[in-house]
Amino acid sequence: MMNNDAQGALVDMPNPSGSRREEGGGAVRSSGCGSNPGPDPREMWGGISWRCLATGRTLAGPQANPRCNLKSPTMGEDGGGRGCGTTRELQRLKQQALEYYRENDVPRRLEELLNATFYLQPADVYGHLANCFSKLAKPPTICRVVGKKVLDGLGLPTLQVEIFCTIQNFPKNICSVVIATHFEVHETTFPELAEAEEVERSDAVSTAVQWVNETITQELQGIAPSNQAQVDRVLRTFFENKVQEDKERKELEKSLEESTVPVPLPLIPPPPPPPAKKKGQKQGLKDTLTEKPIIPPEPAEPVLCGSMAIGAVSLAVAKTSALLGSNPLYVNIALLKHPQEQPTKLAIPSLMVSLVSCGKSSPGKLNLMKEVICIPHPGLTAKQPPPPKTEPKKGHNGGKRGQPITGKMSHLGCLTITYDTIEQPLLLIQGICANLGLELGTNLHLAINCAAHELMDYSKGKYEVMTATHKTAAEMVDLYVDLLGKFPSIIAIIDPFRKEDAEQWDSIYNALGSRCYIIAGSASRSISKLLEDGNISLPKSSGLIIKHTNQTTMSDLVEITNLIDSKKYIAIFGSAEGESSDGSLVDLAVGLGVRFIKLGGLSRGERVTKYNRLFAIEEELVQNGTLGFNEGYTFPDLNKDDDTAAESREAAAEVAGELREPPQPIFPAEAGEESAKP
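Let us look at the structure shown here.

So, how was this worked out
Residues numbered from 1 in each chain as written. Predicted model: local features only at pLDDT ≥ 70, side-chain atom pairs only at ≥ 80, totals over all residues. Heavy atoms only, no water. Helix = DSSP H or I, 4+ residues; strand = E, 2+ residues; numbered from the N terminus. Buried < 20%, exposed > 50% of the residue type's maximum accessible area, 1.4 Å probe, protein only. Areas by Shrake-Rupley, 256 points an atom, 1.4 Å probe, with all protein chains shown as cover. Pairing = 2+ DSSP bridges. Polar contact = N/O pair within 3.5 Å; in protein donor to acceptor, adjacent residues only side chain to side chain. Contact = heavy atoms within 4.5 Å. Axes fitted to C-alpha atoms, helices over the stretch in contact; angles between N-to-C directions. Parallel < 35°, antiparallel > 145°, perpendicular 65-115°, else oblique. Left-handed = near helix turned anticlockwise from the far one by under 90°. Nonpolar A, V, L, I, M, F, W, Y, C, P; charged D, E, K, R; others polar. Salt bridge = Lys/Arg side-chain N within 4 Å of Asp/Glu carboxyl O. Core = buried A, V, L, I, M, F, W, Y, C linked by side-chain atoms within 4.5 Å. Phe/Tyr/Trp six-rings, centres within 6.5 Å; stacked < 30°, edge-to-face > 60°. Disulfide = S-S within 2.5 Å.

### Considerations on the overall build of the chain
Inference 1: Each helix and strand in the chain was counted, giving 18 helices and 22 strands.
Inference 2: A burial count over the chain gives 45% of its 678 residues as buried.
Inference 3: In the structure as shown, the chain presents an accessible area of about 36,600 Å², 53% of it carried by carbon and sulfur atoms.

### Structural notes on the sheet that holds strand S16 (residues 469-471)
Inference 1: Strand order in the open sheet made by the three strands is S14-S15-S16, with antiparallel pairing throughout. Edge positions in the open sheet fall to strand S14 (456-457) and S16, since each of these has one partner strand only.
Inference 2: Here S14 runs beside strand S15 (residues 462-466); their pairing, made up of two bridges, is antiparallel. Following the sheet pairing, Met456 is matched in S15 by Tyr463.

### A look at the side chain of Ser314
Inference 1: Position of Ser314 relative to the elements: it lies in helix H8 (residues 308-324).
Inference 2: What makes Ser314 buried here is its relative accessible area of 0%.
Inference 3: Of the polar contacts made by the side chain of Ser314, one reaches the side chain of Gln228; its length is 3.2 Å.
Inference 4: Polar contacts involving the side chain of Ser314 include one to the main-chain amide nitrogen of Met554, which spans 3.0 Å.
Inference 5: Among residues more than four places away in sequence, those in contact with Ser314 are Gln228, Asp232, Leu235, Thr553 and Met554.

### Re helix H9 (residues 329-337)
Inference 1: In terms of burial, H9 is largely enclosed, as seven of its nine residues are buried.
Inference 2: Those residues of H9 not exposed but buried are Leu329, Tyr330, Val331, Asn332, Ile333, Ala334 and Lys337.

### Comments concerning the packing of helix H5 (residues 191-219) against H8
Inference 1: Two elements in contact, H5 and H8, have axes whose closest approach is 8 Å; the angle formed by their N-to-C orientations is 55 degrees. The angle between H5 and H8 falls in the class oblique. Judged by the sense of rotation from one axis to the other, the crossing of H5 with H8 is right-handed. Here Ala204, Val205, Ala208, Trp211, Val212 and Ile216 of H5 come into contact with H8, specifically with Met308, Ala309, Ile310 and Val313.
Inference 2: Looking at the contact of H5 with H8 residue by residue, the classes come out as 10 nonpolar, no polar and no charged.

### Describing the pattern of salt bridges
Inference 1: Summed over the entire model, instances satisfying the criterion amount to 23 salt bridges.
Inference 2: Where Glu245 meets Lys242, a salt bridge forms, and the shortest distance between an N and an O atom there is 3.8 Å. In this pair, Glu245 and Lys242 both sit in helix H6 (residues 228-260), three residues apart, roughly one turn of the helix.
Inference 3: Overall, Glu245 belongs to the partly exposed group, its relative accessible area being 45%.
Inference 4: When the shortest N-O distance is used, the salt bridge between Arg249 and Asp246 registers 2.5 Å. Taken together, the residues span about one helical turn, with Arg249 and Asp246 both in helix H6 at a distance of three residues.
Inference 5: Relative accessible area serves as the criterion here: at 39%, Arg249 is assigned to the partly exposed category.
Inference 6: Classification of Asp246 as buried rests on a relative accessible area of 16%.
Inference 7: Salt bridges sharing common partners tie together Asp105, Arg108, Arg109 and Glu112.

### So, the nonpolar core
The nonpolar side chains of a soluble globular protein tend to be buried, and buried together.
Inference 1: Counting 123 residues, the largest nonpolar core has Val161, Ile216, Leu368, Met369, Tyr480 and Leu512 as the members making the most contacts within it.
Inference 2: Sorting elements by how many residues they give to this core places H8 first, with 10 residues.
Inference 3: The residues touching Leu512, leaving out its near neighbours within four places in the chain, are Tyr480, Val481, Leu484, Ile493 and Ile518.
Inference 4: Membership of the second largest hydrophobic core comes to 14 residues, among which are Ala492, Ile545, Phe596 and Tyr633.

### Points about the environment of Lys610
Inference 1: Take Lys610: it is sitting in helix H16 (residues 605-624).
Inference 2: Sequence-distant contacts of Lys610, defined by excluding residues within four places in its chain, comprise Glu579, Ser580, Asp582, Gly583, Leu585, Val586 and Leu599.

### Overview of the sheet that holds strand S5 (residues 141-151)
Inference 1: Spatially, S5-S6-S7 is the arrangement adopted by the three strands of the open sheet, whose pairing is antiparallel. The open sheet is flanked by S5 and strand S7 (170-179), the only strands paired with a single partner. With strand direction ignored, the average angle separating the axes of adjacent strands in the sheet is 20 degrees.
Inference 2: One ladder, built from nine bridges, connects strand S6 (residues 157-167) with S7; its direction is antiparallel. If you follow Ile163 over to S7, its bridge partner there is Cys175.
Inference 3: Sheet strands touched by H8: S5, S6 and S7. Its angle to S7, the strand with the most contacts, is close to 125 degrees.

### Some remarks on unusual backbone geometry
Inference 1: Of note, the amide linkage connecting Leu538 to Pro539 takes the cis form, showing an omega dihedral of -5 degrees.
Inference 2: Its location among the elements puts Pro539 in the loop between helix H13 (527-533) and strand S19 (543-546).
Inference 3: Backbone geometry places Ala468, a non-glycine residue, at a positive phi of 70 degrees.
Inference 4: Summarising the element assignment, Ala468 is placed in the loop between S15 and S16.
Inference 5: The exposure class of Ala468 is exposed, given its relative accessible area of 66%.
Inference 6: Unlike most non-glycine residues, Asp495 shows phi in positive territory, near 50 degrees.
Inference 7: Mapping Asp495 onto the fold places it in the loop between strand S17 (490-494) and helix H12 (502-512).
Inference 8: Relative accessible area serves as the criterion here: at 3%, Asp495 is assigned to the buried category.

### Examining the packing of aromatic side chains
Inference 1: All chains considered together, the criterion is met by nine aromatic pairs.
Inference 2: Taking 5.8 Å as the distance between ring centres and 85 degrees as the angle between the ring planes, the aromatic pair formed by Tyr480 and Phe497 counts as edge-to-face. Placement of Tyr480 in helix H11 (residues 473-486) and of Phe497 in the loop between S17 and H12 is noted, with a sequence separation of 17 residues between them.
Inference 3: The exposure class of Phe497 is buried, given its relative accessible area of 1%.
Inference 4: A centroid spacing of 5.8 Å and a plane angle of 75 degrees characterise the contact between Tyr517 and Phe596, whose relative ring orientation is edge-to-face. In this pair, Tyr517 sits in strand S18 (residues 517-520) while Phe596 sits in strand S21 (residues 596-600), placing the two residues 79 residues apart along the sequence.
Inference 5: Given the relative accessible area of 2%, Tyr517 is considered buried.
Inference 6: Grouped by ring-pair contacts, the aromatic residues Tyr463, Tyr480, Phe497 and Trp505 constitute a single cluster.

### Observations concerning the state of the cysteines
In protein chemistry, a disulfide is the covalent bond that joins the sulfur atoms of two cysteines.
Inference 1: Within the structure shown, the criterion is met by zero disulfides.
Inference 2: Of all cysteine sulfurs, the one in Cys165 lies closest to Cys143, which takes part in no disulfide; the gap is 6.4 Å.

### Quick word on the environment of Gln504
Inference 1: Along the chain, the position of Gln504 falls in helix H12.
Inference 2: Relative accessible area serves as the criterion here: at 13%, Gln504 is assigned to the buried category.
Inference 3: Considering only alpha carbons, one finds Gln504 and Glu475, 29 residues apart in sequence, at a separation of 9.7 Å.
Inference 4: Filtering out sequence-adjacent residues up to four positions away, Gln504 remains in contact with Ala473, Ala474, Val477 and Phe497.

Put into structure tokens, the structure is as follows:
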């Protein structure tokens, strides 16, 4: 056995015969070329002769081979022999080596490892030793971060980030991620606007690449990928400095402009005189009920050019930590959200699958429904189809009724269909479900993304729900109440108003909040603003759509979901419109425990990749016995103590009860005939 106290002498052992003698009375074993077909121990040890401080045995070195060009630190310039060095130097090197190995606890660990290996006697001795030594190695640290400009699913530029770590003294490429940009995808736009946005997108990606390759890679060197909090703090500090630099630059530019160009004072026109009444004219209703002026749109939240570098690097580090720990990314995200105790069950978020699009850019008259979304009944797995309640309906010829629905595929992954009334797409889906023996409201549910910010006609101050059909914000509330009375299978309405119409958000929540989710998507603010203010109640809604874009870090996602959960809101994890084939956001949604995940339609490779990732996670959870299920769809009541809101809901329920019976579903063939009618 090895002796911890055995120090030996740090000396070179010239051996012209090329053989090595084991000390302690052992036999001489030849290390020459002719008698040992195995690897030359002199090559294994870099040609340096040492006496092991732990065992006292001599290890072969260049002295055994005078022709070796490697030089021992114990020799002179010629590498020739003992006479070239001094006894003092040898003693100093011996003492340094002794301290170095003792500081790293090498003698004790070697003894324990060799003893354990002898009793185990594995078939692959060196493989076993390599595994044991790898466990004793220092944890990996980030050594380099690389940013690259790549193309997303639409062929537009975006950012890719690669993480390199130092593992056992060597750099190794661990993983890469691709983040989607925050830019919206427009089906139709003016060439000038499209060109300007293209330039802005290119500048944003180029700046992000520069940030990653120049400053961020230096700031993160030496940090362990497992320390996500420290990484995010470094990224946040870097971003705050960039924001301050941008603010100072803009202030300087503004001051220079003001000093060079005189600004004329604006001329304020006098208010127009009130219209003169005709003789004998009485005061009418329009005089007493003056319509409120439309609130102008709030300026868009500024997005710092290059900010996507922050979110991309944070996600890449989280993915790196998961890979190095041999864990799925969603497990690491769940541990970030629940640092005290890992949850025993993880639930798959309910899917929001886009079916058809009848929004502002669709060719028909209908503008209100940018997306009609299908939501499976709770309790089903992501892959599990809803069980049919009845036999599929048959036509007179014995075949299934209906014809294929055709239309252009939108960037959302669903069909863009030409319809002229609000009811038509909903009746179409009802008919298809009836053909399949499914019942809306029992097997499947619906959601509508209204994207109201795209419908506002500011010249008229009204929402253009259909071509040449405009409604005020107050009339829109009545429209939604009437729509849910006809189609009670609708359980979510996304962006029913602009974010500026706070009064109407209150009204629709009071009227429908107990029957469906009122969701703020584009009407909500960015995650950074929400966390800065700590207020998610404006506009008044049941939940928020959150996205991983720009400067949003993993810590920010954990913090915002904790805030949403504490307020008893629901969180929907959405994908950006500019998609990439990176499926990491599905892991984020599962690990964060959101209620819904909105991925668009089952079309286009970048979206199908995410659906496949969701199915794979579900299978892993089933195999591990850790798959949990969400409860039924319950609608949070944020007005429990508000009597006025309760009365409003009761009045809305009475109005809904007085509505006529829901219309009969239209089957696909009939839907085409309806849309063809003048």
